[in-house]
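Examination of the molecular architecture
Okay, here's what each chain looks like letter by letter:
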Amino acid sequence: MPGVEDIEALRGPLTGYCYRMLGSAADTEDAVQEAVIRAHRGLDRFDPARASLRTWVHAIATHVCLDMLRAARRRELLAPVPATVDGELGAPLPADAWLEPMPDSRTVHAADPAEVTVQRESVRLAFLAALQHLPPRQRAALLLRDVFAFSAAETAAALELSVPAVNSALQRARATLAEHRPAPGAVAEPDDPAVRDLLARYVAAFEAHDVAGLRALLHRDTVSSMPPFAWWLSGRDEVLRVFAGSDACAADRLLPVRTNGTIGYGQYRPGEDGTLRPFAIVALEVRDGLVTHSVTFLGTGARFGEYDLPEFLPAHR
């Protein structure tokens, strides 16, 4: 008979599942904790003849997520309309308007390389934004079947549906997702040597405030955004115009992290004493050998510990 330690061992996969369902780091923490507490309390009612512990606990987590999503708005990667480029940023939008980043160490748990690829793809920001278009039960059906490799019967048990109902929900979810997600494989893999070289040159140009160097690395249609503000730039020329017109980032440093299935950075900014302190988590997307999207998640400095980043960097390199 499974015990408490077996439930605790599922925290990692549950975190990956709940994050994909909710798109929020804070909500994920709450959902996983609530699911684990409910599983602990109900362990004496668990029947291994009816379902595996994995299926049973994911069913609990699914119900927790569905409850949380009933009154939730759809989280966005980009605001529908950007603020004026030359104006003030304005007031930030509420936290529940945006997708939030999450380190790969908490969302990618597969050992098989093919499964790792699937899990990375399913946690990328563009994929998460596409998932937001799915009704919650369809979202759960797609994640359980296509990402976490649950069987149709296991998924039906977790969702308390019939197998035909699960298959129907899955078919509709796949059709909707196909309308909103990027083409599979279109995003470059972070382990590709050419991508690593590109990113090394990107960091060097960014830290040197080298506008000409960045121009060679950005896609013509690149986009730059800064949640939680409804502010984004579209096109290489516009991004570089704003970058060149401000020295706000001139002394910043970037340290690489793995976030949302791709390469990201912890961006550090110097204080009055010159010490560089956490400023933001940045996620990049690379396509066709060039950077196509940079998302700077402002207000994430307190989360650097989740990425095993240092609390500060010395004033001089």
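Here goes a summary of the coordinates provided. Here the structure is a predicted model, which means the values were calculated and not measured.

Notes on the overall build of the chain
Regarding its fold elements, the chain presents 12 helices and 6 strands. For the chain, the spread of C-alpha atoms along the three principal axes comes to 65 × 40 × 40 Å. Evaluated residue by residue, the chain yields a buried proportion of 50% over its 317 residues. Within the chain, residue pairs in contact and separated by at least 24 positions form 66% of the contacts whose partners lie at least 6 positions apart. For the chain, the exposed surface amounts to about 14700 Å²; the carbon and sulfur share of it is 54%.

A short note on the pairing of strand β1 (residues 218-225)
In terms of residue burial, β1 counts as a mostly covered element, since 6 of its 8 residues are buried. In terms of strand pairing, β1 meets strand β2 (residues 232-234) through 3 bridges, oriented antiparallel. Bridge pairing in β2 places S225 opposite W232. Adjacent in sequence and paired antiparallel, β1 and β2 are bridged by 6 residues.

With respect to the side chain of Q119
Examined against the element boundaries, Q119 turns out to sit in helix α5 (residues 113-121). Among the polar contacts made by the side chain of Q119, one reaches the main-chain amide nitrogen of H109 at a distance of 2.9 Å. Not counting chain neighbours up to four residues away, the residues in contact with Q119 comprise R20, T107, V108, H109, A110 and V147.

Examining the nonpolar core
Judged by nonpolar contacts, the single largest core of 56 residues is most densely connected at Y17, C18, M21, W56 and L131. For this core, the secondary structure elements donating two or more residues are α2 (11-22), α3 (25-42), α4 (53-69), α6 (125-131), α7 (136-147), α8 (152-159), α9 (163-180) and β6 (290-298). Looking at this core, the element that brings in the most residues is α4, giving 10 residues. If we skip the residues at most four places from it in the chain, W56 touches A39, G42, L43 and F46. With 27 residues, the next largest nonpolar core counts L198, F206, F229 and W231 among its residues.

Things to note about the packing of aromatic side chains
All told, the structure shown has 5 aromatic pairs when counted by the stated rule. Residues F206 and F243 carry aromatic rings whose centres are separated by 5.8 Å and whose planes lie at 40° to one another, so their mutual orientation is tilted. Highlighted residues: F206 in helix α10 (residues 193-207) and F243 in helix α12 (residues 236-244), separated in sequence by 37 residues. A residue is classified by how much of its surface remains accessible, and F243, at 12% relative accessible area, is buried. By way of ring pairs, the aromatic residues Y202, F206 and F243 are connected into one cluster. In this arrangement the basic side chain of R269 is found over the ring face of F279, its NZ or CZ atom lying 3.9 Å from the centre.

Quick word on the environment of L78
In this structure, L78 sits in the loop between α4 and α5. Assessed through its relative accessible area of 26%, L78 is described here as partly exposed. Considering only alpha carbons, one finds L78 and L233, 155 residues apart in sequence, at a separation of 10 Å. Among residues more than four places away in sequence, those in contact with L78 are W98, V223, S225, W232 and H293.

Here we look at α9
For α9, built from 18 residues, the straight-helix expectation of 26 Å at 1.5 Å per residue is met to within 8% by its first-to-last C-alpha distance of 26 Å. Regarding α9, the residues found buried are V166, A169, L170, A173 and L177. The arc that holds every buried residue of α9, seen down its axis, measures 105°, which confines them to one face. The exposed set on the far side of α9, more than 90 degrees from its buried face, consists of P164, Q171, A178 and E179. The inward-facing, buried residues of α9 abut α6, α7 and α8. Where α9 begins, the side chain of S162 points an oxygen toward the backbone nitrogen of A165, at a separation of 3.1 Å.

Definitions and limits used
Residues numbered from 1 in each chain as written. Predicted model: local features only at pLDDT ≥ 70, side-chain atom pairs only at ≥ 80, totals over all residues. Heavy atoms only, no water. Helix = DSSP H or I, 4+ residues; strand = E, 2+ residues; numbered from the N terminus. Buried < 20%, exposed > 50% of the residue type's maximum accessible area, 1.4 Å probe, protein only. Contact = heavy atoms within 4.5 Å. Areas by Shrake-Rupley, 256 points an atom, 1.4 Å probe, with all protein chains shown as cover. Pairing = 2+ DSSP bridges. Polar contact = N/O pair within 3.5 Å; in protein donor to acceptor, adjacent residues only side chain to side chain. Core = buried A, V, L, I, M, F, W, Y, C linked by side-chain atoms within 4.5 Å. Phe/Tyr/Trp six-rings, centres within 6.5 Å; stacked < 30°, edge-to-face > 60°. Lys NZ or Arg CZ within 6 Å of the ring centre and 35° of its normal. Expected span 1.5 Å × (residues − 1). Arc of directions from axis to C-beta.

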